[in-house]
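One letter stands for each residue in the lines below.
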Amino acid sequence: MEKLKIKTFKINGIVVRAVTVMGFAHIIGKSASTVRRYEHEGTIPPCIFKIKGYRYYPVSLAEETAKIIETFKGSERPPAEKVAQIHELFENERRKYAY
């Protein structure tokens, strides 16, 4: 198994450990294509940061999202309350780095 690549960025004075879509997928236990599908379908909001054309997610956000996603059953549509929890996590994370 390939080692998880974590990058460190400073966003508005806050040090953030972040991963790309591949790293996010690894942390939540899904494939990168599933993460992209989840974004397209609205199950998860778009990435938190785009830096030099790459999409990044804070590691802490990925870990919290994984706890919710692991409750999803197979290929069934995720329950609305779980999707709402994920959206709230992302919104709270965005607020941390707002100007």
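Refer to the preceding data block for the structure.
Bear in mind the structure is a predicted one, so any value in this text is a computation, not a measurement.

1. So, the overall build of the chain
In terms of helices and strands, the chain carries four helices and four strands. Mapped in sequence order, the helices and strands of the chain form the string β-β-α-α-β-β-α-α. For the chain, whose C-alpha radius of gyration is 13 Å, the value lies close to the compact-globule estimate of 13 Å for 99 residues. Scored against the burial criterion, the 99 residues of the chain give a buried share of 39%.

2. Remarks on the side chain of glutamate 93
Residue position: glutamate 93 is located in helix H4 (residues 80–96). A relative accessible area of 5% means that glutamate 93 is categorised as buried. Apart from the residues lying within four places of it in its own chain, the contact partners of glutamate 93 are Ile48, Pro58, Ser60 and Leu61.

3. Thoughts on the packing of helix H3 (residues 59–69) against H4
At a closest axis distance of 10 Å, the pairing of H3 and H4 adopts a crossing angle of 170 degrees. If you check the angle between H3 and H4, you find them roughly antiparallel. When H3 is examined against H4, the residues Ser60, Leu61, Glu64, Thr65, Ile68 and Ile69 are found in contact with a partner set consisting of Lys82, Gln85, Ile86, Leu89, Phe90 and Glu93.

4. Re the sheet that holds strand E1 (residues 7–11)
Across the sheet, four strands lie side by side as E1-E2-E4-E3; this open sheet has antiparallel pairing. Both edges of this open sheet fall to E1 and strand E3 (49–51), since each of them pairs with a single strand only. Geometrically, the sheet is characterised by an average inter-axis angle of 50 degrees between neighbouring strands, direction not taken into account. Inspection of the sheet shows E1 paired to strand E2 (residues 14–19) by five bridges, in the antiparallel sense. From the neighbouring strand, phenylalanine 9 faces E2, where its bridge partner is valine 16. Across the face of the sheet, H3 comes into contact with E2 and strand E4 (54–58) while running at roughly 70 degrees to E4.

5. Quick word on the pattern of salt bridges
Scanning all chains against the criterion turns up five salt bridges. Across the pair glutamate 64 and lysine 67 runs a salt bridge, and its minimum N-O distance is 3.0 Å. Of this pair, glutamate 64 and lysine 67 both sit in helix H3, separated by three residues, roughly a single helical turn. You can call lysine 67 partly exposed: its relative accessible area is 48%. Residue lysine 96 pairs with glutamate 93 through a salt bridge whose shortest N-O separation is 3.2 Å. Note that lysine 96 and glutamate 93 are positioned in helix H4 at a spacing of three residues, about one turn of the helix. We classify lysine 96 as partly exposed; its relative accessible area is 47%.

Rules used in this analysis
- Residue positions are counted from 1 within each chain, in the order its sequence is given.
- For this predicted model, a pLDDT threshold of at least 70 governs which residues receive local features, and a threshold of 80 or more governs which side-chain atom pairs are given and counted, while totals over whole chains, interfaces and linings are taken from all residues.
- Side-chain figures throughout are based on the complete set of non-hydrogen atoms in the structure, without hydrogens or water.
- Strands here mean DSSP runs of E at least two residues long; helices mean DSSP runs of H or I at least four residues long; both are numbered from the N terminus.
- Computation of the radius of gyration draws on C-alpha atoms alone. For the globule rule, the value is 2.2 Å times the number of residues to the power 0.38.
- In this scheme, a residue with accessible area under 20% of its type's maximum is buried, one over 50% is exposed, and one in between is partly exposed, where area comes from a 1.4 Å probe on protein chains only.
- We call two residues in contact when some of their heavy atoms are within 4.5 Å.
- Here an angle of 0 to 180 degrees is reported between the N-to-C directions of two axes, which are lines fitted to C-alpha atoms, with helices fitted over the stretch in contact.
- Should an angle fall under 35 degrees it is called roughly parallel, over 145 degrees roughly antiparallel, and 65 to 115 degrees roughly perpendicular, with every other angle called oblique.
- Should DSSP find at least two bridges between two strands, the strands are taken to pair.
- We define a salt bridge as a side-chain nitrogen of Lys or Arg found within 4 Å of a carboxyl oxygen belonging to Asp or Glu.

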